[in-house]
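Fold and contact review
Here's the letter readout for the chains.
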Amino acid sequence: MKLAEFVIEDAILTDLAVDSKEAAIRAMVNSLCKAGQIASDNADNIVAAIMKREELGSTGIGRGIAVPHTKHPSVDSLVATIALASEGVEFQSLDGEDVFIMFLLISPPDRPGDHLRGLESISRHLKNDDFCSFLRQSNSPGDVMELLREADDDRL
Amino acid sequence: MTSEGPLCQDVTVKLENGLHLVPCSRITEFVRDFPGTISIRLDDQTVDAKSIFDLLTLRAPFGTILTLEVSGPGAADLIKGLVALFECNFEPD
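Now for a quick tour of the structure.

Cut-offs used in this document
Residues numbered from 1 in each chain as written. Chains lettered and ligands numbered in written order. Predicted model: local features only at pLDDT ≥ 70, side-chain atom pairs only at ≥ 80, totals over all residues. Heavy atoms only, no water. Disulfide = S-S within 2.5 Å. Phe/Tyr/Trp six-rings, centres within 6.5 Å; stacked < 30°, edge-to-face > 60°. Buried < 20%, exposed > 50% of the residue type's maximum accessible area, 1.4 Å probe, protein only. Lys NZ or Arg CZ within 6 Å of the ring centre and 35° of its normal. Contact = heavy atoms within 4.5 Å. Buried area = accessible area lost by both parts, 1.4 Å probe. Salt bridge = Lys/Arg side-chain N within 4 Å of Asp/Glu carboxyl O. Polar contact = N/O pair within 3.5 Å; in protein donor to acceptor, adjacent residues only side chain to side chain. Helix = DSSP H or I, 4+ residues; strand = E, 2+ residues; numbered from the N terminus. Nonpolar A, V, L, I, M, F, W, Y, C, P; charged D, E, K, R; others polar. Pairing = 2+ DSSP bridges. Axes fitted to C-alpha atoms, helices over the stretch in contact; angles between N-to-C directions. Parallel < 35°, antiparallel > 145°, perpendicular 65-115°, else oblique. Left-handed = near helix turned anticlockwise from the far one by under 90°. Core = buried A, V, L, I, M, F, W, Y, C linked by side-chain atoms within 4.5 Å.

Bringing the state of the cysteines into the picture now. The full count for this structure, using the stated rule, is 0 disulfides over all chains. Lacking any disulfide linkage, C24(B) is separated from the closest cysteine sulfur, that of C88(B), by 15 Å.

Dropping the structure here:
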């Protein structure tokens, strides 16, 4: 699965400045609402579901990266957004370090395979130091999408 | 403790949602301090079980059979513990 197939350009946040994990998650969910990917009246419910998922174990998986996610019936295909936080966000990550790159995923409850494919795609690219470095330097959603397309096409 | 291995054992993913982020985290936590090597193989793909990024690239859905391969001091105990994790579906005691 290609990143550009499920990351929503209009919902990408390249200069997120927040003081908590929940604020970061809320900003990303709101951004997906503004981009027309989820209905605004589902936002609180989705944020709550993602925070409940975080209680099972942080999705801060190290290397300054977090992948908060949930299933929700309001989407009929996998959707995701990216937030970049140059100041870092305390995410109770596995390695104890702050998070600078967040991929937030929402997937339909009846399609676990899509969720796994999305996670696989994200993880495969985030293993690449160049990808992470270029991503953190991106200044606009357009820059991010161009990078995702380059990664999808193995042009990095 | 003498070095052991490599020891191999197959396990089946019995999680409804496949080997997603929570079980991958549990695996990396479980093997973090093991001084030897731990690989998990799926078909022709072999990943380092100490790397959550590697584990997530397995994309293993329900029913997938994975091969654990462990080498190093205490390999027998470690592989036993890993198999138990899969058997209990990564639920805490």
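This model, assessed by the stated rule, comprises 1 aromatic pair over all chains. For the ring pair F86(B) and F90(B), a centre distance of 4.9 Å and an interplane angle of 65° mean the geometry is edge-to-face. The same class applies to F86(B) and to F90(B), which are both buried. If you follow R63(A) out to its NZ or CZ, it ends over the ring of F53(B), 5.4 Å from the centre.

A separate point is the interface of chain A and chain B. The partner chain B presents 19 residues to the 21 residues of chain A that form the contact. Contact between chain A and chain B buries roughly 1600 Å² in total, counting both sides, with carbon and sulfur atoms accounting for 69%. For the chain A face of the interface with chain B, the top three residues by lost area are I61(A), L94(A) and L116(A), together amounting to 34%. Here chain A and chain B share 2 salt bridges between them. A salt bridge links D54(B) to K127(A), with the nearest nitrogen and oxygen atoms 2.8 Å apart. Applying the counting criterion to the chain A and chain B interface returns 3 residue pairs in polar contact (both at pLDDT 80 or more). Going through the elements one at a time, β1 (60-62), β3 (69-71) and α4 (112-126) of chain A are the ones with two or more residues in the side of chain A that touches chain B. Element by element, the count of residues in the side of chain A that touches chain B is highest for α4(A), at 8 residues. A class-by-class count of the residues in the side of chain A that touches chain B yields 9 nonpolar, 5 polar and 7 charged.

All names here are of chain A. With respect to the helices and strands, S58 occurs in the loop between α3 (43-55) and β1. Residue classification places S58 among the buried residues on the basis of a relative accessible area of 9%. Reaching out from S58, the side chain makes a polar contact with the backbone nitrogen of G60 at a distance of 2.9 Å. Separated by 2.7 Å, the side chain of S58 and the backbone oxygen of F91 make a polar contact.

The subject of this paragraph is the pairing of strand β5 (residues 99-107) of chain A. Consecutive residues of a regular strand have side chains that alternate between opposite faces of the sheet. Residues and elements named next belong to chain A. With 8 of its 9 residues buried, β5 lies for the most part within the structure. The pairing of strand β4 (residues 79-89) with β5 spans 7 bridges and is classified as antiparallel. Note that in β5 the partner of T81 across the bridge is L104.

For residues other than glycine, phi is negative in most cases, and the peptide bonds are mostly trans. Residue and element names in this part refer to chain B. You will see that R59, though not glycine, has its phi angle at about 50°, which is positive. Turning to its location among the elements, R59 is positioned in the loop between α2 (52-56) and β4 (65-73). Residue N89 is not a glycine yet carries a positive backbone phi of 60°. In this fold, N89 is placed in the segment after α3 (75-87).

Another point: the packing of helix α5 (residues 129-137) of chain A against helix α6 (residues 141-152) of chain A. Residues and elements named next belong to chain A. Put simply, α5 and α6 touch, their axes get as near as 9 Å, and they point 165° apart. Taken together, the axes of α5 and α6 are roughly antiparallel relative to one another. Crossing of α5 over α6 shows right-handed handedness. Where α5 abuts α6, its residues F131, F134 and L135 lie against V144, L147, L148 and A151. When the residues that make up the contact of α5 with α6 are grouped by side-chain class, the tally is 7 nonpolar, no polar and no charged.

It is worth spelling out the nonpolar core at this point. Core analysis: the biggest nonpolar cluster contains 56 residues, and V7(A), F103(A), L19(B), I27(B), I40(B), L66(B) and F86(B) have the highest contact counts within it. Setting aside its immediate chain neighbours within four residues, F103(A) contacts L3(A), V7(A), M28(A), A66(A), V67(A), P68(A), T81(A), I82(A), I122(A), L126(A) and L135(A). Formed by 26 residues, the second largest nonpolar core is a distinct cluster that contains L32(A), V79(A), F91(A) and I106(A).

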